[in-house]
Amino acid sequence: MKRKCTLFILLAVCLSLTAQTADRELLDAYQRQDMSVWKAYVEKSCVQGITPEVLLYEYGFCGYIVAEAKKEGKESLLPEAKRAVRQFKSHVEQLHSLPDKEGIGLPPGHYEMYISAVYVYELRLKESIHPIKAMSLAKEAVQKAPKDPLVLSYYGTCLFYAPKPFGSKSEALTYFEKADRLFQTPEWQFCWVREATKMYITQCHEKLKR
């Protein structure tokens, strides 16, 4: 029995170290702006089976590919962006249907956060028009998970980009700073959203000085 427990602990440690290595490599790619690494990771992981951890990278990749497809001269990326968003939405619904326990389902607030993001992506791709619903879901996510840095940072992003009277750079800064404080624990060391949050804090300060 003792030997089985030891093997279980060793397996858990190995899996944790493997996940940390992947997170570190993906963060490095994010900092280099080499999203081809993310694309390969998401495609491979989706074949193996979607998880809440992979979904966070799929969400980030969708944001990237949608932004790229909207750039002048890169319209050829639109079909790929649309496919990525449809797949992401399908994976969100898939995980939402599972129980939120033992890491197999979505944590509180994450379903609302991700569906809000889907509406934002679809709006940019002219696939649907639900800007008010997107903001409403972002607010609902914060109500369900007021101490989740991912949720707080996402709501800050919505406030950052939304036009007045829906958006506010000063209010966005408040949520980014709350998220940043919660991101200081070791579990978030290699999280790309932590890096993005710091970037947004800097941008908020710059825009509020003008």
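If you're wondering where the values come from, they're calculated on a predicted model, not measured in any experiment.

Novice: Any chance you could break down the overall build of the protein for me, citing the residues and the numbers?
Specialist: From N to C terminus, the protein includes nine helices and zero strands. Sequence-ordered secondary structure for the protein, helices as α and strands as β, is α-α-α-α-α-α-α-α-α. In the protein, buried positions account for 42% of the 210 residues. The long-range fraction of contacts in the protein, counting pairs at least 24 apart against all pairs at least 6 apart in sequence, stands at 57%. Accessible surface, the protein as shown: approximately 12500 Å² in total, 57% of it carbon and sulfur.

Novice: Mind laying out the nonpolar core, listing which residues take part and the relevant values?
Specialist: If you look at the biggest cluster of nonpolar residues, it comprises 65 residues, and the most contacted ones within it are Tyr-59, Phe-88, Tyr-114 and Trp-192. The leading source of residues in this core is helix H3 (residues 52-69), at ten residues. Residues in contact with Phe-88, not counting those within four places in the same chain, are Leu-55, Glu-58, Tyr-59, Cys-62, Tyr-114, Val-118 and Tyr-121.

Novice: Please give an account of the packing of aromatic side chains that cites residues and values.
Specialist: Within this structure, the stated rule accounts for 19 aromatic pairs. Plain terms: the ring middles of Phe-160 and Tyr-161 are 5.0 Å apart, the flat faces sit at 80 degrees to each other, and that makes the pair edge-to-face. Seen in terms of ring centroids, Phe-160 and Tyr-200 are 5.2 Å apart; in terms of plane orientation they differ by 65 degrees. Their pairing is edge-to-face. Here Phe-160 is found in helix H7 (residues 149-161), whereas its partner Tyr-200 is found in helix H9 (residues 192-209), with 40 residues between them in sequence. Here Phe-160 matches Tyr-200 in class, with each residue buried. In this structure an aromatic cluster arises from ring pairing among Tyr-30, Trp-38, Tyr-41, Tyr-57, Tyr-59, Phe-88, Tyr-114, Tyr-121, Tyr-154 and Trp-192. Positioned above the aromatic ring of Phe-160, the side-chain terminus of Lys-169 is 4.9 Å from the ring centre.

Novice: Now, about the packing of helix H5 (residues 110-124) against helix H6 (residues 131-144): what can you tell me, with residues and values included?
Specialist: As a packed pair, H5 and H6 sit with axes 8 Å apart at the nearest point and diverge in direction by 160 degrees. As summarised for this structure, H5 and H6 are arranged roughly antiparallel, according to the angle between their axes. Considering the relative orientation of H5 and H6, their crossing is left-handed. Residues Glu-112, Met-113, Ile-115, Ser-116, Tyr-119, Val-120 and Leu-123 of H5 pack against Pro-131, Lys-133, Ala-134, Leu-137, Ala-138, Glu-140, Ala-141 and Lys-144 of H6. Residues of the contact of H5 with H6, tallied by class, amount to ten nonpolar, one polar and four charged.

Novice: How would you summarise the environment of Tyr-64 if you had to cite specific residues and measurements?
Specialist: Residue position: Tyr-64 is located in helix H3. Its relative accessible area of 29% is what places Tyr-64 among the partly exposed residues. Here the alpha-carbon distance between Tyr-64 and Met-35, two residues 29 residues apart in the chain, equals 7.9 Å.

Novice: Explain helix H4 (residues 78-96) to me, using residue names and the numbers behind them.
Specialist: Here H4 spans 27 Å end to end across 19 residues, near enough to the 27 Å set by a 1.5 Å rise per residue. Of all the residues in H4, the buried ones are Ala-81, Ala-84, Val-85, Phe-88, His-91, Val-92 and Leu-95. Summarising the axial view, the buried residues of H4 lie within an arc of 125 degrees, below the 170-degree limit, and thus occupy one face.

Novice: Can you explain the environment of Tyr-161? Please cite residues and give values.
Specialist: Relative to the assigned elements, Tyr-161 resides in helix H7. Since its relative accessible area comes to 54%, Tyr-161 is described here as exposed. Through-space distance from the C-alpha of Tyr-161 to that of Ala-172 is 9.1 Å; in sequence the pair is eleven residues apart. Reaching out from Tyr-161, the side chain makes a polar contact with the side chain of Tyr-200 at a distance of 3.0 Å.

Scoring rules and cut-offs
Residues numbered from 1 in each chain as written. Predicted model: local features only at pLDDT ≥ 70, side-chain atom pairs only at ≥ 80, totals over all residues. Heavy atoms only, no water. Helix = DSSP H or I, 4+ residues; strand = E, 2+ residues; numbered from the N terminus. Buried < 20%, exposed > 50% of the residue type's maximum accessible area, 1.4 Å probe, protein only. Contact = heavy atoms within 4.5 Å. Areas by Shrake-Rupley, 256 points an atom, 1.4 Å probe, with all protein chains shown as cover. Core = buried A, V, L, I, M, F, W, Y, C linked by side-chain atoms within 4.5 Å. Phe/Tyr/Trp six-rings, centres within 6.5 Å; stacked < 30°, edge-to-face > 60°. Lys NZ or Arg CZ within 6 Å of the ring centre and 35° of its normal. Axes fitted to C-alpha atoms, helices over the stretch in contact; angles between N-to-C directions. Parallel < 35°, antiparallel > 145°, perpendicular 65-115°, else oblique. Left-handed = near helix turned anticlockwise from the far one by under 90°. Nonpolar A, V, L, I, M, F, W, Y, C, P; charged D, E, K, R; others polar. Expected span 1.5 Å × (residues − 1). Arc of directions from axis to C-beta. Polar contact = N/O pair within 3.5 Å; in protein donor to acceptor, adjacent residues only side chain to side chain.

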